[in-house]
Amino acid sequence: RTPPQGHKWLPLPMEPFGAALLKSSAALAIAAGALCLRSLLSPSPAAVDLSARAAKARASRDAARDAYKRSRLVAPWPAPSDHSPAAENMRHICSLNATALLEEMTAGRLTSVQVMRAFCSRALHVGERLDTNAQECFADALAAAEEADSARAAGRPLGALHGLPVSVKDQLDMAGCDSTCGLQVRCGAPAEHDSLLVKLLRDQGAIPFVRSNVPQCLMLPESANRIWGAARNPWDASRTPGGSSGGEAALVAARASPLGIGTDIGGSIRIPAHFCGVFGFKPTPDRMSNRGVAVPRPGNRPSGQIAVKSTAGPFGRSVADLRLVMRAWLAGGGMS
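As the structure is a computational prediction, the values presented were derived from the model and not from experiment.

Draft legend 1. Geometry of the overall build of the chain. Within the chain, the secondary structure is distributed over 10 helices and 8 strands. Every one of the 336 residues in the chain was classed for burial, and the buried ones make up 45%. Summarising the internal contacts of the chain: among those between residues at least 6 apart in sequence, 72% fall at separations of at least 24. In the form shown here, the chain has an accessible surface area of approximately 17000 Å², with 60% of it arising from carbon and sulfur atoms.

Draft legend 2. Local environment of the side chain of Asn-213. Structurally, Asn-213 can be placed in the loop between strand S3 (207-212) and strand S4 (224-225). By relative accessible area, which is 0% here, Asn-213 ends up buried. Reaching out from Asn-213, the side chain makes a polar contact with the backbone oxygen of Asp-131 at a distance of 3.0 Å.

Draft legend 3. The packing of aromatic side chains, seen in detail. A complete count under the given rule lists 2 aromatic pairs for this structure. For the ring pair Tyr-68 and Phe-138, a centre distance of 5.4 Å and an interplane angle of 45° mean the geometry is tilted. In this pair, Tyr-68 sits in helix H2 (residues 45-71) while Phe-138 sits in helix H6 (residues 138-153), placing the two residues 70 residues apart along the sequence. Taken together through their ring pairs, the aromatic side chains of Tyr-68, Phe-138 and Phe-209 make up a single cluster.

Draft legend 4. Looking closely at the packing of helix H7 (residues 196-203) against helix H10 (residues 319-331). Closest axis-to-axis distance for the H7/H10 pair is 9 Å, and the angle between their directions is 100°. Accordingly, the angle class assigned to the pair H7 and H10 is roughly perpendicular. In contact with Leu-197, Leu-200 and Leu-201 of H7, H10 contributes Val-325, Ala-328 and Trp-329. Looking at the contact of H7 with H10 residue by residue, the class counts come to 6 nonpolar, no polar and no charged.

Draft legend 5. Summary view of the sheet that holds strand S7 (residues 279-280). Spatially, 6 strands are ordered S1-S3-S2-S6-S8-S7 in an open sheet, and the strand pairing comes out mixed. The strands lining the two open edges of the sheet, one partner per strand, are strand S1 (133-136) and S7. The sheet contact formed by S1 and S3 spans 2 bridges and is antiparallel. Across the sheet, Glu-136 pairs through a bridge with Val-210, a residue of S3. Relative to S3, helix H5 (residues 112-130) is tilted by about 5°, and along the sheet it contacts S1, strand S2 (165-169) and S3.

Draft legend 6. Inspection of the pairing of strand S6 (residues 260-264) at higher detail. Most of S6 sits inside the fold, with 5 of its 5 residues counted as buried. On S6, burial covers both faces: Gly-260, Gly-262 and Asp-264 on one face and Ile-261 and Thr-263 on the other are all buried. Sheet analysis places S2 next to S6, joined by 2 bridges and oriented parallel. Bridging across to S6, Ser-167 finds its partner in Gly-260.

Draft legend 7. Geometry of the state of the cysteines. Considering all chains together, one arrives at 0 disulfides under this definition. Here Cys-137 stays free of any disulfide, with the sulfur of Cys-177 as its closest cysteine sulfur at 3.8 Å.

Draft legend 8. Highlighting the packing of helix H4 (residues 98-106) against H10. At a minimum axis separation of 7 Å, H4 and H10 run at an interaxial angle of 70°. As the angle between them shows, H4 and H10 are arranged roughly perpendicular. For the pair formed by H4 and H10, the contact residues are Ala-98, Thr-99 and Leu-102 on the first element and Ala-320, Asp-321 and Leu-324 on the second. Broken down by class, the residue content of the contact of H4 with H10 amounts to 4 nonpolar, 1 polar and 1 charged.

Draft legend 9. Inspection of the pattern of salt bridges at higher detail. Tallying each qualifying case throughout the model produces 15 salt bridges. Across the pair Lys-69 and Glu-128 runs a salt bridge, and its minimum N-O distance is 2.5 Å. Of the two residues, Lys-69 sits in helix H2 while Glu-128 sits in helix H5, which places them 59 residues apart along the sequence.

Draft legend 10. Quick look at the nonpolar core. Formed by 57 residues in total, the largest nonpolar core has its most connected members in Phe-138, Leu-201, Phe-209 and Trp-329. Those elements giving two or more residues to this core turn out to be helix H3 (85-95), H4, H5, H6, S2, H7, S3 and H10. Broken down by element, the residue count for this core peaks at 10 residues, all from H5. Residues in contact with Phe-138, not counting those within four places in the same chain, are Tyr-68, Val-74, Cys-120, Ala-123, Leu-124, Phe-209 and Val-210. Of all hydrophobic cores here, the second largest spans 8 residues; its members include Ile-269, Ala-273, Cys-276 and Val-278.

Draft legend 11. Representation of H5 within the structure. With 19 residues, H5 should cover 27 Å at 1.5 Å per step; its first-to-last C-alpha distance of 26 Å lies within 8% of that length. In terms of burial, H5 is a largely internal element, 14 of the 19 residues being buried. Asp-131 occupies a position one or two residues after H5 and carries a positive phi of about 50°.

Draft legend 12. Summary view of unusual backbone geometry. In this chain, Gly-243 is followed by Ser-244 through a cis amide linkage whose omega measures 5°. Phi is positive for Asp-131, which is not a glycine, with a value near 50°. Note on placement: Asp-131 falls in the loop between H5 and S1. Phi at Leu-218 takes a positive value of approximately 80°, unusual for a residue other than glycine.

Parameters at a glance
Residues numbered from 1 in each chain as written. Predicted model: local features only at pLDDT ≥ 70, side-chain atom pairs only at ≥ 80, totals over all residues. Heavy atoms only, no water. Helix = DSSP H or I, 4+ residues; strand = E, 2+ residues; numbered from the N terminus. Buried < 20%, exposed > 50% of the residue type's maximum accessible area, 1.4 Å probe, protein only. Contact = heavy atoms within 4.5 Å. Areas by Shrake-Rupley, 256 points an atom, 1.4 Å probe, with all protein chains shown as cover. Polar contact = N/O pair within 3.5 Å; in protein donor to acceptor, adjacent residues only side chain to side chain. Phe/Tyr/Trp six-rings, centres within 6.5 Å; stacked < 30°, edge-to-face > 60°. Axes fitted to C-alpha atoms, helices over the stretch in contact; angles between N-to-C directions. Parallel < 35°, antiparallel > 145°, perpendicular 65-115°, else oblique. Nonpolar A, V, L, I, M, F, W, Y, C, P; charged D, E, K, R; others polar. Pairing = 2+ DSSP bridges. Disulfide = S-S within 2.5 Å. Salt bridge = Lys/Arg side-chain N within 4 Å of Asp/Glu carboxyl O. Core = buried A, V, L, I, M, F, W, Y, C linked by side-chain atoms within 4.5 Å. Expected span 1.5 Å × (residues − 1).

Written out as structure tokens, the structure reads:
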């Protein structure tokens, strides 16, 4: 066409289509990168809210720790140089496995309160140094231990695990506690009821006293998240205890819990047990109930996964300890 009078066409370079596409793609990539950088430098309100939730959960736990120390409800773990009778008794209690503790309590040589006080002290000491702990239920556990001693004195046995402390992975529901699965978004949403497997342990007289650390979203062979920090191995604090039940294995290995409950889908009990040198058992999938076992998906929606499934199982310091948990679950109807 002839341009209008007094005008002329500007010469436009004709680029191959591929070159133009590359230029436009590069421009889009630069723009996307700028947006990502902006989001990193200026977190969204939702991200800020999640960080605040996690900070609130940590602050609540740490405030309770301070209160325990001030009130002496939980005594400080004795220093290595302390060889007083009280210190030696605490060390002796925490050196015993679950089977031996039950024998000592049944024979009247130890009370549930003595045992619980020793393990609360040890768990607090280890948790502050190795970040093994999520929420700590020491006050409720000590009250339950007093009830267990009263029941024993009245000749009223509570079950095969009468008065025994037990730690629980931060995935199995416990009434009044979050099941975060290592996710900030799940902070501040406590469960209304115990999971079935926790309930069955309580029915047999066990007393949950601390919840243990996990990795974010669970499916990793370590135990670090933005709520509770990174759990470390009690044998070498520069190393991981494994995962996803790493907090559990570390507590049991550090003599801070006589018996622990974890879950396993691809090694989440077996890997930490190996890393920390303790006993762990993954039951056959679908053998144990998953009622009240949280999953890292909105609304605890099932995944539809049918081939490789998660299952709960115990940690202990001997095969006999693992047998205690399995018998308690199976006798109480804990199968799927």
